[in-house]
Amino acid sequence: MKAAHTHTVGKIINLEDQEDEEEERMQRLKISNISRYFNDLRALSQHRTSSSVTDDLCNQVLVEGKANSRMAILNRPSALNALNTNMGAKLNKLFKAWENDPNIGFVSMKGSGRAFCAGGDIVSLYHFMNQGKLEECKDFFRTLYSFIYLLGTHLKPHVAILNGVTMGGGAGVSIPGTFRVACGKTVFATPETLIGFHPDAGASFYLSHLPGHLGEFLALTGAKLNGAEMMACGLATHYSVSEKLPLIEEELGKLVTDDPSVIEACLEKYSDLVYPDKNSVIHRIDIVDKCFGLDTVEEIIDSLESEASLINDPWCGSTLRLLKEASPLSLKVSLRSIREGRFQTFDECLVREYRMSLQGVSRLISGDFYEGVRARMVDRDIAPKWSPPSLEQVSEDMVDRYFSPLSESELDLELPTKLREAFN
């Protein structure tokens, strides 16, 4: 009996070891997938002829007309539908016109190819910075943030079909809307600290309103969520298997309504019940709150290291690796941004993020954004030289300056808050 018992225990231990190995493999895969995301975005740096660029400008946002609705289609599939100034301007124009058209009851948005939207066109911003074209950078952020505010205060219901990569600015042009439909192919992240930037495009508002301190975790690590996880934490309002998305689009196209409850009933008709798997951060919310609820980045890292030594959870190690890959300055700036966003309105967050983004592209405090894009997407050495190189060398004054205007004469982002009421 004793020998049999020992054999059984050995089997159990082997099974536990296999489960630990599988979980560690999954955590490594999540980190490698973020690298793959940046690899995909390198398509942005491909050179095109001037004629093809002109054609692209005309077709980067397409429109589908429905019975009582309109759909905007982000159409840069080779660049994962990354947003540029031209696209932001066209979206602004379309959504203003649709809001004023009595024949249109609601609007929607999707992406071409295998992405909804991978974020902003950061390679173009890199080239603007390299050429000293700060005004072009300002125009990009001003145009995009203005559209995000328009979307968040739009008088007509909005449906975003998040089929594929939905990162950074892609989340910015979807999450402020009324409905967000995630699916099995949805991949969400705010990976800006890994390129020396900060989660922007309204991220400091919506991340700070997630359960507990999940927003700090996502902002600092750039970790990914799938569609089920987005649904679980409230980033998505509906979840459907990918195969049902054409049916959803077809049904939405038949609706003649401006009533959000009617649109919601249509989405519910094709919704599926889904739960995050056992490796999900959603099941580690207690650890997230314990560690990422602390006051400083240093304390967060120390707490994670302490947890890693106490519990056998590969998640702690993978989270620490992500934090140590990120720009030290970006980590401190992003933590403060999320904490401030928790007590600000949507418009106040966008105005503050505009200041922060201009500081990032100006390189007056640090060149980390320029360096991060260089290392990840231009030279591709994946070895950024952060400045400062360590958390200890990031002064409080540097962080404070990040939240200030470029100069006394620099205008803040102007949003039509008197005409379009801000919300909490």
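Structure first, text after, so check above.
What counts as what
Residues numbered from 1 in each chain as written. Predicted model: local features only at pLDDT ≥ 70, side-chain atom pairs only at ≥ 80, totals over all residues. Heavy atoms only, no water. Helix = DSSP H or I, 4+ residues; strand = E, 2+ residues; numbered from the N terminus. Axes fitted to C-alpha atoms, helices over the stretch in contact; angles between N-to-C directions. Parallel < 35°, antiparallel > 145°, perpendicular 65-115°, else oblique. Contact = heavy atoms within 4.5 Å. Nonpolar A, V, L, I, M, F, W, Y, C, P; charged D, E, K, R; others polar. Buried < 20%, exposed > 50% of the residue type's maximum accessible area, 1.4 Å probe, protein only. Polar contact = N/O pair within 3.5 Å; in protein donor to acceptor, adjacent residues only side chain to side chain. Pairing = 2+ DSSP bridges. Expected span 1.5 Å × (residues − 1). Phe/Tyr/Trp six-rings, centres within 6.5 Å; stacked < 30°, edge-to-face > 60°. Lys NZ or Arg CZ within 6 Å of the ring centre and 35° of its normal. Right-handed = clockwise from strand over helix to strand, strands pointing away.

### Here's the deal with unusual backbone geometry
The amide bond that connects Ser387 to the next residue, Pro388, takes the cis arrangement and shows omega of 0 degrees. Residue placement: Pro388 occurs in the loop between helix 17 (368-378) and helix 18 (396-402). Not every positive phi belongs to a glycine, and Arg380 is a case in point at roughly 65 degrees. Looking at where Arg380 falls in the secondary structure, it is placed in the loop between helix 17 and helix 18.

### Description of the packing of helix 8 (residues 214-221) against helix 12 (residues 285-292)
It is the contact of helix 8 with helix 12, at a shortest axis distance of 8 Å, that shows an interaxial angle of 75 degrees. Compared by their axis directions, helix 8 and helix 12 come out roughly perpendicular. Of the residues in helix 12, those touching helix 8 at Leu214, Glu216, Phe217, Leu220 and Thr221 are Ile285, Val288 and Phe292. Of the residues belonging to the contact of helix 8 with helix 12, the class tally is six nonpolar, one polar and one charged.

### Focus: the side chain of Thr221
Structurally, Thr221 is set in helix 8. Thr221 gets classed as buried once you look at its relative accessible area, which sits at 0%. From its side chain, Thr221 meets the backbone oxygen of Phe217 in a polar contact 2.7 Å long. Polar contacts involving the side chain of Thr221 include one to the main-chain amide nitrogen of Ala223, which spans 3.1 Å. Sequence-distant contacts of Thr221, that is, excluding residues within four places in its chain, are made with Leu194, Phe292, Thr319, Leu322 and Leu323.

### Points about the sheet that holds strand 10 (residues 238-239)
With respect to topology, six strands assemble into an open sheet ordered 1-2-3-5-7-10, the strand pairing being mixed. Edge positions in the sheet fall to strand 1 (61-65) and strand 10, since each of these pairs with one other strand and no more. In this structure, strand 3 (residues 106-111) lies alongside strand 5 (residues 158-162), joined through three bridges in parallel fashion. Residue pairing across strands places Ser108 opposite Val159, the latter belonging to strand 5.

### Observations concerning the pairing of strand 7 (residues 179-182)
Residues of strand 7 alternate between two faces, with Phe179 and Val181 on one and Arg180 and Ala182 on the opposite face, all of them buried. Bridge analysis of strand 5 against strand 7 gives four bridges, and the strand direction is parallel. Bridging from a neighbouring strand, Ile161 pairs with Val181 of strand 7. The pairing of strand 7 with strand 10 spans two bridges and is parallel. Residue pairing across strands places Ala182 opposite Tyr239, the latter belonging to strand 10.

### Remarks on helix 14 (residues 314-325)
In an α-helix, one turn spans 3.6 residues; hence positions three or four apart end up facing the same way. Its 12 residues place the ends of helix 14 17 Å apart at the C-alpha level, agreeing with the 16 Å of an ideal helix rising 1.5 Å per residue. Of all the residues in helix 14, the buried ones are Pro314, Trp315, Cys316, Ser318, Thr319, Leu320, Leu322 and Leu323. Where helix 14 starts, the residue carrying a side-chain oxygen 2.9 Å from the main-chain nitrogen of Trp315 turns out to be Asp313.

### Thoughts on the environment of Glu325
Here Glu325 shows up in helix 14. Taking the C-alpha atoms as reference, Glu325 lies 9.1 Å from Ala383; in sequence the two are 58 residues apart.

### Looking at the packing of aromatic side chains
The full count for this structure, using the stated rule, is 12 aromatic pairs. When the centroid spacing of 5.0 Å and the interplanar angle of 80 degrees are considered together, the rings of Phe95 and Phe147 count as edge-to-face. One end of the pair, Phe95, is in helix 3 (residues 85-100); the other, Phe147, is in helix 5 (residues 134-152), and 52 residues separate them in sequence. Of the two residues, Phe95 and Phe147, neither departs from the other in class, the shared state being buried. An aromatic cluster of at least three residues, connected via ring pairs, comprises Phe140, Phe141, Tyr145, Phe197, Tyr354 and Phe369. The side chain of Arg363 reaches across the aromatic face of Tyr370, ending 4.2 Å from its centre.

### Describing the pairing of strand 2 (residues 69-74)
The element strand 2 is largely enclosed, with a buried count of five among its six residues. In terms of strand pairing, strand 1 meets strand 2 through five bridges, oriented antiparallel. Looking at strand 2, one finds that Val61 is bridged to Leu74. The turn linking strand 1 back onto strand 2 is made up of three residues. Relative to strand 3, strand 2 runs parallel, the two sharing six bridges. Bridged to Ser69 within strand 3 is Phe106. Between the parallel pair strand 2 and strand 3, the chain is carried across by helix 3, and the sense of this crossover is right-handed.

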